[in-house]
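Spelled out from the first residue to the last, the chains are:
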Amino acid sequence: MTHRIAMWSGPRNISTAMMRSWENRPDCSVVDEPFYACYLSETGLDHPCREAILQAQSCERGEVIRQLSVDPVASGLFYQKHMTHHMPVAMDMSWCEGLLHCFLIRDPAEIIASYLQKMPTVSEDAIGIVRQLALFDEITQISGERPLVIDSNDVLKNPAHILGQLCDHWQIPRHSDYMLTWPPGRRSSDGVWADHWYHAVDESTGFAPYLERNPQLAPEHRELAERMNECYQQLSQYRIRPD
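Residues numbered from 1 in each chain as written. Predicted model: local features only at pLDDT ≥ 70, side-chain atom pairs only at ≥ 80, totals over all residues. Heavy atoms only, no water.

Caption draft 1: Here's a closer look at unusual backbone geometry. Despite not being glycine, Cys49 shows a phi value in the positive range, around 65°. Tracing the chain through its elements places Cys49 in the loop between helix 2 (36-43) and helix 3 (50-56). A positive phi is found at Gln171, a non-glycine position, where the angle reads about 60°. Relative to the helices and strands, Gln171 resides in the loop between helix 9 (159-170) and helix 10 (176-179). Under the relative-accessibility criterion, Gln171 is labelled exposed at 71%. (Helix = DSSP H or I, 4+ residues; strand = E, 2+ residues; numbered from the N terminus. Buried < 20%, exposed > 50% of the residue type's maximum accessible area, 1.4 Å probe, protein only.)

Take a look at the structure:
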């Protein structure tokens, strides 16, 4: 039996480091943002590596859903790294009823500051925080239980504890020796967009030490962060604490 894990995150939120952690387990395979091509095809947005993404992934949501929820997987764990903004509001999410769900959150000001280091502009839709809360509520209704929530800063403060709590809740072996460190470099599982986004994680060999940040944002970006903070706080109340 394969346990299929869906990690729901926005961009710039240690999501790739988290994928590295799970992929380093001997019993786990991963998939990197499988709905990215669907999102770009449907929205027409001009993202870095757009054409390569459209060629590398299926643009048909039904096909992607089958790959994630039905197709056989050789490993005991199948970790799916999902971006919440890749999921349109009208999408039927019933396909993920049997998955194990976790929501990875981060302070909106930190997300916005990091996002602007890679992209010229930022918007509410691009960072997916409102959509993250909506998906949390929807998946709670579909699955009949509240999904787990973890905060990226809590992970960096105590990764062994947070990851251990996830494994214990899902009743899977911890394998903490594998999940806390990994070899540097690119993976064959990385999306074709890695050349633009993954420079830091390519050099990593584990989760970075926690550093307190106080992002200095322009007024319009500070206003966006303040608007997103309500959604972030609603999710944060359910998060696993670092100790």
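After presenting the structure, the write-up continues.
Caption draft 2: Focus on the sheet that holds strand 5 (residues 148-151). Overall, parallel pairing links the five strands, which are arranged 2-3-1-4-5 in an open sheet. Each edge of the open sheet is held by one strand with a lone partner, namely strand 2 (28-32) and strand 5. Strand-to-strand, the axes of this sheet are offset by a mean angle of 20°, without reference to chain direction. As defined by bridge partners, strand 1 (residues 3-9) adjoins strand 3 (residues 77-83) across seven bridges and the pair is classed as parallel. Bridge pairing in strand 3 places Ile5 opposite Tyr79. Packed on one face of the sheet, helix 9 meets strand 1, strand 4 (100-105) and strand 5 and runs near 175° to strand 5. (Pairing = 2+ DSSP bridges. Axes fitted to C-alpha atoms, helices over the stretch in contact; angles between N-to-C directions. Contact = heavy atoms within 4.5 Å.)

Caption draft 3: Quick peek at the packing of aromatic side chains. For the coordinates displayed, the defined rule picks out nine aromatic pairs. Ring centres of Trp22 and Tyr79 lie 5.5 Å apart, and the angle between their planes is 15°; on these two criteria the pair is classed as stacked. Taken as a pair, Trp22 in helix 1 (residues 15-23) and Tyr79 in strand 3 lie far apart in primary sequence, 57 residues in all. When sorted by exposure, Trp22 lands in the same class as Tyr79, which is buried. (Phe/Tyr/Trp six-rings, centres within 6.5 Å; stacked < 30°, edge-to-face > 60°.)

Caption draft 4: Representation of the pairing of strand 4 in the model. Among the six residues in strand 4, six count as buried, and that is most of the element. Across the two faces of strand 4 the burial is the same, with Leu100, Cys102 and Leu104 and His101, Phe103 and Ile105 all buried. Sheet analysis places strand 1 next to strand 4, joined by four bridges and oriented parallel. Counted as the bridge partner of Ile5 is Leu100 from strand 4. Inspection of the sheet shows strand 4 paired to strand 5 by four bridges, in the parallel sense.

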